[in-house]
Amino acid sequence: MTMPKVVLVNLKGKLQDWVSGKDIILELLRLLSVKGGVGKIFEYGGEGVKNLSVPERATITNMGAELGATTSISQVMK
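Bear in mind that the values here come from a model prediction, so they are computed numbers and not experimental data.

Participant: So what about unusual backbone geometry? Which residues, and what values?
Facilitator: If a residue is not glycine, its phi is most likely negative; likewise, a peptide bond is most likely trans. Phi angles above zero are rare outside glycine, and S33 is one such case at about 75 degrees. Note that S33 resides in the loop between α1 (21–32) and β2 (40–45). Residue S33 is classed as partly exposed on the basis of its relative accessible area of 38%.

Have a look at this one:
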């Protein structure tokens, strides 16, 4: 069995008022396409994670399936 590649998406700063967590995953889809995540685990981390609400984090990780990702996780920032 082959271990999936882990891809760290390093989030920085804070989202603008008119930008949502969904826009983050949609940008990844634009860059990588629907097959860009096949065989990969997407880990969302960095200082920008602490500025995201729990529903925004859930939206981003749940939509990882649209990339074809094996799974998606979000780091917990304190």
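There's more to say after this.
Participant: Break down the pattern of salt bridges for me, with residues and values.
Facilitator: Within this structure, the stated rule accounts for 2 salt bridges. In this structure, R30 engages E27 in a salt bridge whose closest nitrogen and oxygen atoms are separated by 2.6 Å. Taken together, the positions of R30 and E27, both in helix α1 and 3 residues apart, correspond to about one turn of that helix. We classify E27 as partly exposed; its relative accessible area is 35%.

What counts and how
- Residues numbered from 1 in each chain as written.
- Predicted model: local features only at pLDDT ≥ 70, side-chain atom pairs only at ≥ 80, totals over all residues.
- Heavy atoms only, no water.
- Helix = DSSP H or I, 4+ residues; strand = E, 2+ residues; numbered from the N terminus.
- Buried < 20%, exposed > 50% of the residue type's maximum accessible area, 1.4 Å probe, protein only.
- Salt bridge = Lys/Arg side-chain N within 4 Å of Asp/Glu carboxyl O.

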